[in-house]
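Structural characterization, general
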Amino acid sequence: MTSSRRGDSTDPGASPRPRVTAFTDGVVALAQHGRVGPLADDGRWIVPFALIAYVLGTTWSWEFPDYHGIPFPPIWLALACGSLIAWRVRRGAIGPIAAAAIVAVTAMLMTDVASVWTQGIRDIEIYLKAGVRWLDGAPVYMRVPLGVAPADLSNYPFLYPPVTLPLFGALGALPEPLAVGIWLTASLGALLAGLRWVGLRWRWCLLLLLWPPIVQGLWVGNVAVPLFAFFAIAPWRPGALAVGPIFKVYSGLASLWLLRREHWRELAAAVVAVAAITAASLLIVDVRLWSDWLTGLQVYQESQRLLPNLYGFGLARYMPFVVFAAIAAVVLILALRAAGRRDQLGRLGVATVVGSPSLFSHGFLVALPAMFRLDTAWFWLAFGITACAPGPAWFGALVIVVASWFVPAMRKRDAADDWHPLGAAPRPWPNAPRRTVDAPPRTPDHRGDPDPEDVADPAPDRVAAAEASP
């Protein structure tokens, strides 16, 4: 006779859940035995220790500030340890999150200094040179593959569609110092506006100015910095998501947010606006430039095979295209399955980063809202991973973010926290307008926590009837 006890090993139809629970309890018990020193009091101490190991492992063979300099690790260790001691002396105590923040910020500072030893404003110079060539009637797009990196990095090819040429032509007609000044000022203003729209207070905005993707994006003058503002304002102006693909076509992944049924009107308006801008550009841009642009993209793909640095640290550099496309598709599908509007938008930012055919540090900007969705300890772990110079390890931060889509305990809590960029808000865009839909709140799962935006407001007639009833 088989036992009637649930989970009894003699019952072939019994649920394996108790065995899984027993295994999990055993792992937890083993972890508890391994918690010694500060870990015995607060398990979050593993975050600063992990970041220290990560920074040392990542920078072990680096020199500071460039390859002609002195070893990076001992200088960083001295700076980090000195900062930790100074905090301890001044405050009388130091917690794990403060320690993690100090480890991350000191690594960011040294990475930022090293960035200054690279060629500055090179990306905006690419744009300006393309604008000048267009004004002069010279070829704008590359026709021959690159086999060697140019000595002047502003001689890399221009890749944006012809519809952008009037903008860069107008800037290129100005004296270069003035054009660069206008571009960088507009970029910084758009970035700060975007961070504020996402929900950051000013002191956190200033701290984010030390983050390597922002520092390096501003240093080279990449268009990804001002484009962040159009991503950040989407909860108020959904059609703004159509601006990104005008410059970087793969940014259209975030535009899939417009497919939500409450955004169909904005989607139609965005499609009409982009079509109108493109049609208007044909009045001053030769239609043959579109063919030249497509040819230039094909030549650039050939150049990537000859010069892998053109991939940056995008996933496509390290794996077959089929595998890269499959990973990008999975992340995109998971992002689209998010229940709440704000969660879905933030996750589409992650999908945009993963799906980028070439990726440089400033491309991580659109992943920021999803990183802010992490709980404090997890946020500082992910943020610290991106504190060093960019590389494949940065995808570890995105692995943490994606894992939080399945593990609610990893997400930001609805409580005040001075060590979290969002403060008391549980998710980015805390001041975004409500867009209610006629559906009940969903239960927590990989689609996200129930978002107040998903709870339908009662119809006015039902409210009146309820108030009139005894």
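Everything quoted here is computed from the prediction, not taken from an experiment.

Analysis parameters
Residues numbered from 1 in each chain as written. Predicted model: local features only at pLDDT ≥ 70, side-chain atom pairs only at ≥ 80, totals over all residues. Heavy atoms only, no water. Core = buried A, V, L, I, M, F, W, Y, C linked by side-chain atoms within 4.5 Å. Buried < 20%, exposed > 50% of the residue type's maximum accessible area, 1.4 Å probe, protein only. Helix = DSSP H or I, 4+ residues; strand = E, 2+ residues; numbered from the N terminus. Contact = heavy atoms within 4.5 Å. Axes fitted to C-alpha atoms, helices over the stretch in contact; angles between N-to-C directions. Parallel < 35°, antiparallel > 145°, perpendicular 65-115°, else oblique. Left-handed = near helix turned anticlockwise from the far one by under 90°. Nonpolar A, V, L, I, M, F, W, Y, C, P; charged D, E, K, R; others polar. Salt bridge = Lys/Arg side-chain N within 4 Å of Asp/Glu carboxyl O. Phe/Tyr/Trp six-rings, centres within 6.5 Å; stacked < 30°, edge-to-face > 60°. Polar contact = N/O pair within 3.5 Å; in protein donor to acceptor, adjacent residues only side chain to side chain.

**Considerations on the nonpolar core**
Ranked by size, the top nonpolar core spans 89 residues in total, and within it Trp76, Leu200, Trp211, Val350 and Trp380 carry the most contacts. Among the elements that take part in this core, helix α4 (residues 96-115) stands out by supplying nine residues, more than any other. Those residues within four positions of Val350 in sequence are excluded, and the remaining contacts are Val331, Val366, Ala367, Ala370, Leu398, Val401, Val402 and Trp405. Residues Tyr127, Ala130, Leu165 and Val223 belong to the second largest nonpolar core, which totals 24 residues.

**Thoughts on the environment of Ala98**
Structurally, the position occupied by Ala98 is in helix α4. Taking the C-alpha atoms as reference, Ala98 lies 8.7 Å from Leu84; in sequence the two are 14 residues apart. Contact partners of Ala98, with chain neighbours within four places excluded, come to Trp87 and Trp419.

**Digging into the packing of α4 against helix α17 (residues 376-385)**
Across the interface, α4 lies against α17 with an axial gap of 9 Å and an inter-helix angle of 20 degrees. Taken together, the axes of α4 and α17 are roughly parallel relative to one another. Note on packing geometry: the crossing formed by α4 with α17 is left-handed. Only Thr376, Ala377, Trp380, Phe383 and Gly384 of α17 make contact with α4, whose side of the interface consists of Ile97, Ala100, Ala101, Ala104 and Met108. Its residues assigned to classes, the contact of α4 with α17 shows eight nonpolar, two polar and no charged.

**Focus on the pattern of salt bridges**
Two side chains of opposite charge can pair, provided their charged atoms sit close to one another. Tallied over the full model, the rule gives six salt bridges. For the salt bridge of Glu302 with Arg305, the shortest nitrogen-to-oxygen distance reads 2.6 Å. One end of the pair is Glu302 and the other is Arg305, both in helix α13 (residues 288-306) and three residues apart, which spans about a single turn. The exposed category is assigned to Arg305, whose relative accessible area is 56%. Here Asp343 ties to Arg373 by a salt bridge, and the two come within 2.9 Å at their closest N and O atoms. Here Arg373 lies in the loop between α16 (368-372) and α17 and Asp343 lies in helix α15 (residues 341-354), a separation of 30 residues in the sequence. Judged by relative accessible area, which is 5%, Asp343 ranks as buried. Residue class for Arg373 comes out buried when judged on its relative accessible area of 8%.

**With respect to unusual backbone geometry**
The linkage connecting Phe64 with the following residue, Pro65, adopts the cis geometry, with an omega of 0 degrees. Topologically, Pro65 is positioned in the loop between β1 (63-64) and β2 (70-71). Of note in this structure, Ile121 is not a glycine but carries a positive phi near 45 degrees. Counting through the fold element by element, Ile121 comes out in the loop between α4 and α5 (122-136). Overall, the relative accessible area of 24% leaves Ile121 in the partly exposed class. You will see that Trp429, though not glycine, has its phi angle at about 55 degrees, which is positive. With relative accessibility at 0%, the residue Trp429 sits in the buried group.

**A few points about the packing of aromatic side chains**
All chains considered together, the criterion is met by 27 aromatic pairs. Ring centres of Trp87 and Trp419 lie 5.8 Å apart, and the angle between their planes is 55 degrees; on these two criteria the pair is classed as tilted. One end of the pair, Trp87, is in helix α3 (residues 72-91); the other, Trp419, is in the loop between α18 (395-404) and α19 (460-468), with 332 residues separating them in the sequence. Judged by relative accessible area, which is 23%, Trp87 ranks as partly exposed. Both rings, one in Phe364 and one in Phe395, keep their centres 6.4 Å apart while their planes meet at 70 degrees; by these two values the pair is edge-to-face. Pair noted here: Phe364 is in the loop between α15 and α16 and Phe395 is in helix α18, with a separation of 31 residues, a long-range link. Accessibility classification places Phe364 together with Phe395 in one group, the buried group. In this structure an aromatic cluster arises from ring pairing among Tyr127, Tyr141, Phe158, Tyr160, Phe168, Trp183 and Phe247.

**Considering the environment of Lys412**
Looking at the element boundaries, Lys412 is found in the loop between α18 and α19. Classification of Lys412 by relative accessible area gives buried; the value is 5%. Sequence-wise, Lys412 and Phe372 are 40 residues apart; in three dimensions their C-alpha atoms are separated by 7.8 Å. Residue contacts for Lys412: discarding those within four places in its chain leaves Phe372, Arg373, Leu374, Asp375, His420, Gly423, Ala424, Ala425 and Pro426. Here the side chain of Lys412 touches Gly423 through a polar contact of 2.9 Å, landing on its backbone oxygen. Polar side-chain contacts of Lys412 include one of 3.2 Å to the backbone oxygen of Ala425.

**Considerations on the packing of helix α2 (residues 46-59) against α3**
Two elements in contact, α2 and α3, have axes whose closest approach is 9 Å; the angle formed by their N-to-C orientations is 155 degrees. In this view, α2 runs roughly antiparallel relative to α3, as classed from their interaxial angle. At the point where α2 passes α3, the crossing takes the right-handed sense. Touching Ile52, Val55, Leu56 and Thr59 of α2 are Phe72, Pro73, Trp76 and Leu77, all from α3. A class-by-class count of the residues in the contact of α2 with α3 yields seven nonpolar, one polar and no charged.

**Considerations on the environment of Leu84**
Mapping Leu84 onto the fold places it in helix α3. Put simply, Leu84 and Ile94 are ten residues apart on the chain and 7.9 Å apart in space, counted from C-alpha to C-alpha.

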